[in-house]
Amino acid sequence: MAKIQITQVRSAINKPKRQKLTLQALGLGKLHRTVEVEASPQIEGMVRKVDHLVTVKKV
């Protein structure tokens, strides 16, 4: 499968707890932190839920 890089670019302050937990599950939590993960349907769904807080780049 393809890999994607996910970078947190906006803060999770004043966001619903569910979005905070999604960021944590993706391995994020601090601004400008980047993780590289496999692009599975589950990960893509998680990214869609917090797409206003992250940027995504295909690797």
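Peer 1: Explain the overall build of the chain here, please?
Peer 2: Across its full length, the chain carries two helices and three strands. Going residue by residue from the N terminus, the α and β elements of the chain occur as β-α-β-α-β. Relative to the globule expectation of 10 Å for 59 residues, the C-alpha radius of gyration of the chain, 10 Å, shows essentially globular dimensions. Structurally, the chain occupies a C-alpha span of about 35 × 20 × 15 Å along its principal axes. Within the chain, the proportion of its 59 residues that are buried is 32%. Within the chain, counting contacts between residues at least 6 apart in sequence, those at least 24 apart form 73% of the total. By element, 53% of the accessible surface of the chain is carried by carbon and sulfur atoms, the whole surface being about 4200 Å². Counting 12 positive and 4 negative side-chain charges, the chain places the averaged centre of each group 11 Å from the other.

Peer 1: Is there a simple way to explain the environment of Arg10 in this structure?
Peer 2: Structurally, Arg10 can be placed in the loop between β1 (3-8) and α1 (17-26). Put simply, Arg10 and Thr55 are 45 residues apart on the chain and 9.4 Å apart in space, counted from C-alpha to C-alpha. Non-local contacts of Arg10, meaning those with residues more than four positions away in its chain, are made with Leu31, His52 and Leu53.

Peer 1: How do you make sense of the packing of α1 against helix α2 (residues 41-49) when you look at a structure like this?
Peer 2: Helices that pack against each other are described as a pair by the angle of their axes relative to one another and the distance between those axes. In contact at an axis separation of 10 Å, α1 and α2 are set at 140° when each is read in the N-to-C sense. Viewed along their axes, α1 and α2 adopt a mutual orientation that is oblique. Here the hand of the crossing between α1 and α2 comes out left-handed. For the pair α1 and α2, the contacting residues are Gln19, Thr22, Ala25 and Leu26 in the first and Ile43, Met46, Val47 and Lys49 in the second. Taken together, the residues of the contact of α1 with α2 sort by class into five nonpolar, two polar and one charged.

Analysis parameters
- Residues numbered from 1 in each chain as written.
- Predicted model: local features only at pLDDT ≥ 70, side-chain atom pairs only at ≥ 80, totals over all residues.
- Heavy atoms only, no water.
- Helix = DSSP H or I, 4+ residues; strand = E, 2+ residues; numbered from the N terminus.
- Rg over C-alpha atoms; globule rule 2.2 N^0.38 Å.
- Buried < 20%, exposed > 50% of the residue type's maximum accessible area, 1.4 Å probe, protein only.
- Contact = heavy atoms within 4.5 Å.
- Areas by Shrake-Rupley, 256 points an atom, 1.4 Å probe, with all protein chains shown as cover.
- Lys, Arg positive; Asp, Glu negative; His and termini not counted.
- Charge placed at Lys NZ, Arg CZ, Asp CG, Glu CD.
- Axes fitted to C-alpha atoms, helices over the stretch in contact; angles between N-to-C directions.
- Parallel < 35°, antiparallel > 145°, perpendicular 65-115°, else oblique.
- Left-handed = near helix turned anticlockwise from the far one by under 90°.
- Nonpolar A, V, L, I, M, F, W, Y, C, P; charged D, E, K, R; others polar.

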